[in-house]
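As a plain string of letters, each chain reads:
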Amino acid sequence: MEPITTPGHGAWLEELIDPAWRDMHGVVPRGFQAYARIFHPVTRDRPTDTKSWHLSPADSFVDFDSEEVRWAELARAFGTVMHPLAQFHRLLGRSIEAHGQEFLDSDGWRYTEPEEGNLDIGVLAATAVQLCRHTTTPGSGIAAIWEGWGGLTSPDGYTALTIESFGDEPADVVASAQDPSAALLPTDVVNGPMLDLPHRSYFLFVVPPVTFTDPAWANLAPWHHAAWSPQSPSIIWPEDRAWVVVSEIDFDSTVIAGSHSLINDLVADPGIEALRLREGSDLSWDADVENRATS
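Residues numbered from 1 in each chain as written. Predicted model: local features only at pLDDT ≥ 70, side-chain atom pairs only at ≥ 80, totals over all residues. Heavy atoms only, no water.

In this section: the layout of surface pockets. Where empty space is left becomes clear once a probe the size of a water molecule has been rolled over the atoms. Of the pockets and cavities examined, the second largest pocket occupies roughly 210 Å³. Looking at the second largest pocket, it is lined by 15 residues, and the ones nearest its centre are P41, E68, E115, N118 and D120. (1 Å grid on protein atoms, 1.4 Å probe; cavity = no way out; pocket = protein on both sides within 12 Å on 5 of 7 lines; lining within 4 Å. Points joined across faces, edges and corners; volume = space filled by probe spheres on them.)

Okay, here's the thing in structure tokens:
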């Protein structure tokens with residue numbers, strides 16, 4: 001997983017990404033035969049004893065059961081419709097303003113919003129198995145990591161703050177300098193060339209696609225810190241460019257662009273919750289028309 005410090009890698013993607021963000025092609029390349037959307041898992045929990053948060057205060061300290069569920073189960077629990085353009089809050093029957101609120105179903109399960117910009121390491125492994133079957137270069141490829149993830153270019157993923165007073169004036173909170181050598185990525189990588197696409201910039205690494213079939217890849221990833229949950233790449237593609245994986249930082253799902261046969265295999269894989277997407281699909285928060293409130 002060596003960093004790429006020479007320019008030009010990934011430039012072929014730029015002409016396939018729309019400079020104006022009208023639909024998913026603001027980040028997902030056009031021109032492939034087919035597309036699929038992989039839905040990031042949803043976590044739900046409820047008290048072990050009462051089996052319902054309706055019977056226990058949500059802030060009570062109790063033992064609880066927790067499990068990952070698919071979006072299809074979410075739709076079943078809330079009586080909504082699962083489909084390729086489904087949005088999490090719409091499946092709950094909520095407006096976008098409900099973001100961050102607590103969600104309970106009639107059986108007392110409490111739901112946590114799916115992670116944005118990060119494909120679950122187990123789902124990625126299952127996906128990578130299919131991906132490697134649909135490329136002539138499973139042993140050669142590139143992973144792109146969004147430049148803004150915490151810890152890449154500064155020690156703790158945030159700028160340290162100090163309070164300074166100026167005579168009788170109120171104290172100001174100001175940013176203090178940090179030692180760049182404490183960042184996850186070395187200085188030559190941080191200051192080196194990046195992949196600049198219309199709406200995002202990325203650090204690039206040489207990573208064979210087959211690497212992601214084993215969840216242990218996170219232990220070797222230079223962008224990963226042992227104290228954090230594994231962060232999947234933002235974009236992955238093989239040397240032969242047979243497909244592209246896009247985990248956009250603001251999406252709670254991952255989009256795959258590739259051949260019809262690849263997309264068919266992804267949708268049919270029981271270890272992956274994926275649905276076929278049309279080219280030009282809108283994945284914005286209000287695109288889930290089927291579950292849009294009518295009142």
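This next bit is on the packing of helix 3 (residues 121-132) against helix 5 (residues 260-268). Relative to each other, helix 3 and helix 5 sit at 150 degrees, their axes nearing to 10 Å. With respect to helix 5, the axis of helix 3 lies roughly antiparallel. Two packed elements cross with a definite hand, and for helix 3 against helix 5 that hand is right-handed. Contacts between helix 3 and helix 5 involve T127, Q130 and L131 from the former and L262, D265 and L266 from the latter. Looking at the contact of helix 3 with helix 5 residue by residue, the classes come out as three nonpolar, two polar and one charged. (Axes fitted to C-alpha atoms, helices over the stretch in contact; angles between N-to-C directions. Helix = DSSP H or I, 4+ residues; strand = E, 2+ residues; numbered from the N terminus. Parallel < 35°, antiparallel > 145°, perpendicular 65-115°, else oblique. Left-handed = near helix turned anticlockwise from the far one by under 90°. Contact = heavy atoms within 4.5 Å. Nonpolar A, V, L, I, M, F, W, Y, C, P; charged D, E, K, R; others polar.)

A regular strand places its side chains so that they alternate between the two faces of the sheet. Counted residue by residue, strand 7 (residues 141-146) has six buried out of six residues, so it is predominantly covered. Here strand 7 shows a buried face lined by G141, A143 and I145 and a second buried face lined by I142, A144 and W146. Where strand 7 and strand 12 (residues 235-238) come together, four bridges link them in antiparallel fashion. When the bridges of strand 12 are listed, I142 appears paired with W237. Two strands pair when backbone bridges link them, and strand 7 and strand 11 (residues 201-206) are joined in this way by five bridges, in the antiparallel orientation. Considered in strand 11, the bridge of A144 is made with L204. (Buried < 20%, exposed > 50% of the residue type's maximum accessible area, 1.4 Å probe, protein only. Pairing = 2+ DSSP bridges.)

With that out of the way, let us pick up the environment of E67. With respect to the element layout, E67 can be found in strand 4 (residues 64-69). Once the C-alpha coordinates of E67 and D45 are considered, the two residues, 22 residues apart in sequence, prove to be 6.5 Å apart. The contacts of E67, once residues within four sequence positions are left out, are V42, T43, R44 and W109. Polar side-chain contacts of E67 include one of 2.7 Å to the side chain of R44. (Polar contact = N/O pair within 3.5 Å; in protein donor to acceptor, adjacent residues only side chain to side chain.)

Further remarks concern unusual backbone geometry. One non-glycine residue, K51, lies in positive phi territory at about 60 degrees. Relative to the helices and strands, K51 resides in the loop between strand 3 (42-47) and strand 4. Within the chain, R241 stands out as a residue other than glycine whose phi angle is a positive 60 degrees. In this fold, R241 is placed in the loop between strand 12 and strand 13 (244-246). Overall, R241 belongs to the partly exposed group, its relative accessible area being 44%.

Further remarks concern helix 1 (residues 71-78). Taken residue by residue, helix 1 has W71, L74, A75, A77 and F78 as its buried positions. For helix 1, the arc enclosing every buried residue in end-on projection is 165 degrees, short of the 170-degree limit, so these residues lie on one face. Here the buried face of helix 1 lies against strand 2 (34-39), strand 3, strand 4, helix 2 (88-91), strand 5 (103-104) and strand 6 (110-112). Among the residues trailing helix 1, G79 stands out with phi positive, at a value near 70 degrees. (Arc of directions from axis to C-beta.)

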